[in-house]
Amino acid sequence: MPTILSCGHPITDHGPNITGYARTPDTNEKICYDCAAAAELKDMLETGRGFMYVGTMPGDGYPDYAPANEVYCVHNWTGRNKIRIGGVRAGHHNMAGYQIHFYFRYAGALWHGIQWHDRPRLSTGLYCRVYRTKQLVTEVYCVPGARMRARMGI
Ligand SMILES: [Zn+2]
């Protein structure tokens, strides 16, 4: 029998050096990666802020500088919750060189994150704070799948 976690699911399939489960911040219970990802999205909706990595996912190469047939996205620490980054804007920053603002649409709002670099491009694999702006958008590029929405209760 596989180990059943507090969320009611088995340990997530995983590589040799990771656990296959996460812990809830409040009660320290073991939960699977899907439930942890759903909880992170729920927390983002409630608080209007989150921590996400910048990565890539399949796409048409827009906006500028993404590799061919990919687009930039944000995702969580297990590579889940991928949401397409819809806009990137680089500005000069006197300490780091460049401040790269990126924007994505999620749950009817525009979200914003910032990276600091010596070049005017997004870098993948970096952990960033993201914030919900007050700007509402009706068009959503990427929404959680049906199974994830059911878990989130939305
Ligand atoms: Zn679970």
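What you see is a predicted model, and the numbers here were worked out from it, not measured in a lab.

Enquirer: For this particular structure, what's the right way to read helix α1 (residues 33-47)?
Expert: Three or four residues apart is the spacing at which side chains of an α-helix point the same way, because the helix has 3.6 residues per turn. The first and last C-alpha atoms of α1 sit 21 Å apart over 15 residues, in line with the 21 Å expected at 1.5 Å per residue. Considered for burial, the residues of α1 that qualify are Tyr33, Cys35, Ala36, Ala37, Ala38, Leu41 and Met44. Phi turns positive one or two residues past the end of α1, at glycine 48, with a value near 75 degrees.

Enquirer: It is not clear to me how the sheet that holds strand β8 (residues 127-136) should be interpreted in this structure. Could you clarify?
Expert: To summarise the sheet geometry, strands pair through backbone hydrogen bonds and adopt either a parallel or an antiparallel arrangement. With respect to topology, six strands assemble into a closed barrel ordered β3-β4-β5-β6-β7-β8, the strand pairing being antiparallel. Pairs of neighbouring strands in the sheet enclose a mean axial angle of 45 degrees, with direction left out of account. Pairing of strand β5 (residues 83-93) with strand β6 (residues 97-106), which is carried by eight bridges, proceeds in the antiparallel orientation. The residue bridging alanine 90 from the neighbouring strand is isoleucine 100, located in β6.

Enquirer: Teacher, can you tell me more about unusual backbone geometry here?
Expert: Trans peptide bonds make up most of the peptide bonds, and negative phi angles are found at most residues other than glycine. For asparagine 28, which is not a glycine, the phi torsion comes out positive at approximately 60 degrees. Relative to the assigned elements, asparagine 28 resides in the loop between β1 (22-23) and β2 (30-31). Backbone geometry at alanine 107 places phi at a positive 55 degrees, although glycine is not the residue there. Looking at the element boundaries, alanine 107 is found in the loop between β6 and β7 (109-117).

Cut-offs and rules
- Residues numbered from 1 in each chain as written.
- Predicted model: local features only at pLDDT ≥ 70, side-chain atom pairs only at ≥ 80, totals over all residues.
- Helix = DSSP H or I, 4+ residues; strand = E, 2+ residues; numbered from the N terminus.
- Expected span 1.5 Å × (residues − 1).
- Buried ≥ 20, exposed ≤ 12 C-beta atoms within 10 Å, placed from the backbone.
- Pairing = 2+ DSSP bridges.
- Axes fitted to C-alpha atoms, helices over the stretch in contact; angles between N-to-C directions.

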